[in-house]
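Below, each chain spelled out in residue letters.
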Amino acid sequence: MSQCQFDYRDKVVFVAGGTSGINLGIAQGFAKAGATLAVMSRSQDKVDAAIEALKQQGGQVMGFAADVRDVDRLKVVFEQAHRELGPIDVLVSGAAGNFPAAANEMSANAFKAVVDIDLLGTFNVLRYCYDYLRKPGASIINISAPQAFIPMEMQAHVCAAKAGVDMLTRTTAMEWGPEGIRVNSLVPGPIEGTEGMKRLAPAGSLGAQRVIDSVPLKRQGTVEDMANAALFIASDIASYINGAVLPVDGGWGLGGAGQLGQSLAEMAKLAQQPGT
Ligand code: NAP
Ligand code: COA
């Protein structure tokens, strides 16, 4: 696959939830393009490992152990990142939680946990990083999901939360556009080898094969596909793109609620059955 050639030297990129999977892949993409990186997630061990991995690209890297639900901690983290690295040019908000569960079986706290991380967490990240963004010039990327616009059984919590994330993208794009801040969502399709796929359609399962069959390009995506989209949408080349919700999914979402909703629901149900 061809590699995007973007130059992010002298740019500061902060990735919330950037210590594994898609978000770490995005952080790697920016690090390869020369950016200074800051990553944040709950686990200090994952933060330390991500710092080590990102440093292999040769640039400056900072890491913070923090929960996107902890507003007081976020205030400290963003102030410190700004003090040490300067204004933030690119903010990626991708922390999320997911598990398949039927609406009539999950507790109120289970629903709340996902909404708190995905939706309120994204608001918290945007809100408390806002003062430290480069103005004009900053680009914010929220990581959404197909569940934001395609209803899926066993995913009421994620559908509600990610739909909220995309509306947050659109409203902040309107409010902050005049200050030169662009806000967009990237919508990953099924991305191979990630925690999200392990939870919904583990590799080698019937569910995973059904997913590949239902993608028009007949393959799962890679974290590099996501990184390339992030490098593009945060760049000057995309300087007139604001408030967009961009699928990076091989056309997976084109079938809409009928086709994709059905295949997603089937895969979530299969993920709950051992040995499928
Ligand atoms: P992942 O590896 O589990 O990534 C989630 C990241 O968020 C981790 O770094 C995790 O680290 C961090 N995190 C979780 N809860 C947090 C919290 N409360 N506060 C701070 N950080 C937190 O999952 P992934 O599958 O790559 O998914 C990444 C993003 O892509 C998510 O937004 C997901 O909804 C979206 N997405 C994924 C797929 C897919 O195919 N995988 C498809 C569509 C959308 P800690 O555990 O250390 O906190
Ligand atoms: N089915 C039903 N309910 C579940 C569940 C499952 N598989 N997993 C957790 N819950 C419920 C818990 O029982 C609890 O509800 P309760 O208090 O009524 O018992 C609630 O969700 C919160 O669980 P807890 O473990 O305390 O939450 P947490 O904040 O420590 O973790 C999660 C958040 C549950 C989302 C966890 O899976 C996580 O940290 N995920 C991050 C990684 C991830 O999901 N990556 C994929 C991204 S797409």
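Summarised in this report is the structure supplied together with it. (Residues numbered from 1 in each chain as written. Chains lettered and ligands numbered in written order. Predicted model: local features only at pLDDT ≥ 70, side-chain atom pairs only at ≥ 80, totals over all residues. Heavy atoms only, no water.)

With respect to the overall build of the chain
Right, on to step 1. Summing up its helical and strand segments, the chain has nine helices and seven strands in all.
Right, on to step 2. Against the globule reference of 19 Å for 276 residues, the chain gives a C-alpha radius of gyration of 18 Å, in line with a compact fold.
Right, on to step 3. Taken over the C-alpha atoms alone, the chain extends approximately 50 × 45 × 40 Å along its principal axes.
Right, on to step 4. Scored against the burial criterion, the 276 residues of the chain give a buried share of 54%.
Right, on to step 5. Across the chain, the fraction of contacts at a sequence separation of at least 24, relative to all contacts at a separation of at least 6, is 76%.
Right, on to step 6. Of the roughly 12200 Å² that the chain leaves accessible, carbon and sulfur atoms contribute 53%.
Right, on to step 7. Averaging the locations of the 23 positively and 27 negatively charged side chains of the chain gives two centres separated by 0 Å. (Helix = DSSP H or I, 4+ residues; strand = E, 2+ residues; numbered from the N terminus. Rg over C-alpha atoms; globule rule 2.2 N^0.38 Å. Buried < 20%, exposed > 50% of the residue type's maximum accessible area, 1.4 Å probe, protein only. Contact = heavy atoms within 4.5 Å. Areas by Shrake-Rupley, 256 points an atom, 1.4 Å probe, with all protein chains shown as cover. Lys, Arg positive; Asp, Glu negative; His and termini not counted. Charge placed at Lys NZ, Arg CZ, Asp CG, Glu CD.)

Digging into the sheet that holds strand E1 (residues 12-16)
Right, on to step 1. Ordered in space as E3-E2-E1-E4-E5-E6-E7, the seven strands form an open sheet in which the pairing is parallel. Two strands in the sheet have a free side with no partner beyond their single neighbour: strand E3 (61-65) and strand E7 (245-248). The mean angle between the axes of side-by-side strands here comes to 20°, regardless of whether they run parallel or antiparallel.
Right, on to step 2. In terms of strand pairing, strand E4 (residues 90-93) meets strand E5 (residues 139-143) through four bridges, oriented parallel. (Pairing = 2+ DSSP bridges. Axes fitted to C-alpha atoms, helices over the stretch in contact; angles between N-to-C directions.)

A look at the site of ligand 2
Right, on to step 1. In the vicinity of ligand 2 there are 15 residues, among which Arg42, Arg69, Asn98, Ser107 and Arg199 approach most closely.
Right, on to step 2. A distance of 2.9 Å separates an oxygen atom of ligand 2 from a polar side-chain atom of Arg69.
Right, on to step 3. Starting from 940 Å² of accessible surface for ligand 2 in isolation, the protein chains cover 55%.
Right, on to step 4. Contributing elements (two or more residues each) for the shell around ligand 2: helix H4 (108-129) and helix H6 (195-200).
Right, on to step 5. Here the element with the most residues in the shell around ligand 2 is H4; it accounts for four residues.
Right, on to step 6. A per-class count over the shell around ligand 2 returns six nonpolar, five polar and four charged. (Near = heavy atom within 4 Å. Polar contact = N/O pair within 3.5 Å; in protein donor to acceptor, adjacent residues only side chain to side chain. Nonpolar A, V, L, I, M, F, W, Y, C, P; charged D, E, K, R; others polar.)

Some remarks on the layout of surface pockets
Right, on to step 1. Its boundaries defined by the atoms lining it, the largest pocket holds a volume of some 1000 Å³.
Right, on to step 2. Around the largest pocket, the lining comprises 43 residues; the ones closest to its centre are Gly94, Ala96, Gly97, Glu195 and Gly196.
Right, on to step 3. A breakdown of the residues in the lining of the largest pocket according to their chemical character gives 19 nonpolar, 15 polar and nine charged.
Right, on to step 4. Computed from the structure, the second largest pocket encloses a volume of approximately 270 Å³.
Right, on to step 5. As for the second largest pocket, its lining consists of 16 residues, of which Tyr8, Lys11, Ala234, Ser235 and Asp236 are closest to the centre. (1 Å grid on protein atoms, 1.4 Å probe; cavity = no way out; pocket = protein on both sides within 12 Å on 5 of 7 lines; lining within 4 Å. Points joined across faces, edges and corners; volume = space filled by probe spheres on them.)

Description of the site of ligand 1
Right, on to step 1. Taken together, 31 residues are adjacent to ligand 1, and Ser20, Ser41, Arg42, Thr194 and Gly196 come closest.
Right, on to step 2. Residue Thr194 places a side-chain N or O atom 2.7 Å away from a nitrogen atom belonging to ligand 1.
Right, on to step 3. Considering ligand 1 on its own, with 880 Å² of exposed area, one finds that the protein chains cover 90% of that surface.
Right, on to step 4. Mapping ligand 1 onto the cavity grids shows that it belongs to the largest pocket.
Right, on to step 5. Mapped by element, the contributors of at least two residues to the shell around ligand 1 are helix H1 (21-32) and H6.
Right, on to step 6. Across the shell around ligand 1, the residue classes tally to 13 nonpolar, 12 polar and six charged. (Sits in = over half its atoms within 2 Å of the grid points.)

Considerations on the pairing of E1
Right, on to step 1. Of all five residues in E1, five are buried, a share of seventy percent or more.
Right, on to step 2. Burial along E1 is two-sided: Val12, Phe14 and Ala16 facing one way and Val13 and Val15 facing the other are all buried.
Right, on to step 3. Judged from the five bridges that link them, E1 and strand E2 (residues 36-41) form a sheet pairing that is parallel. Directly across from Phe14, in E2, lies its bridge partner Ala38.
Right, on to step 4. Between E1 and its parallel partner E2, the chain crosses via H1, and the hand of that crossover is right-handed. (Right-handed = clockwise from strand over helix to strand, strands pointing away.)

Focus: the side chain of Ser41
Right, on to step 1. Within the secondary structure, Ser41 sits in strand E2.
Right, on to step 2. Here Ser41 falls in the buried class, since its relative accessible area comes to 13%.
Right, on to step 3. In terms of polar contacts, Ser41 uses its side chain to reach the side chain of Thr19, at 2.8 Å.
Right, on to step 4. Not counting the four nearest positions on each side in its chain, Ser41 is found in contact with Gly17, Thr19, Lys46, Val47, Phe64, Ala65 and Ala66.

Re the pattern of salt bridges
Two side chains carrying opposite charge are able to pair once their charged atoms lie near each other.
Right, on to step 1. Evaluated as defined, the whole model comprises seven salt bridges.
Right, on to step 2. We note a salt bridge from Arg9 to Asp7, for which the minimum N-O separation is 2.8 Å.
Right, on to step 3. The closest approach of N and O atoms between Asp67 and Arg69, which form a salt bridge, is 3.0 Å.
Right, on to step 4. We classify Arg69 as partly exposed; its relative accessible area is 36%. (Salt bridge = Lys/Arg side-chain N within 4 Å of Asp/Glu carboxyl O.)

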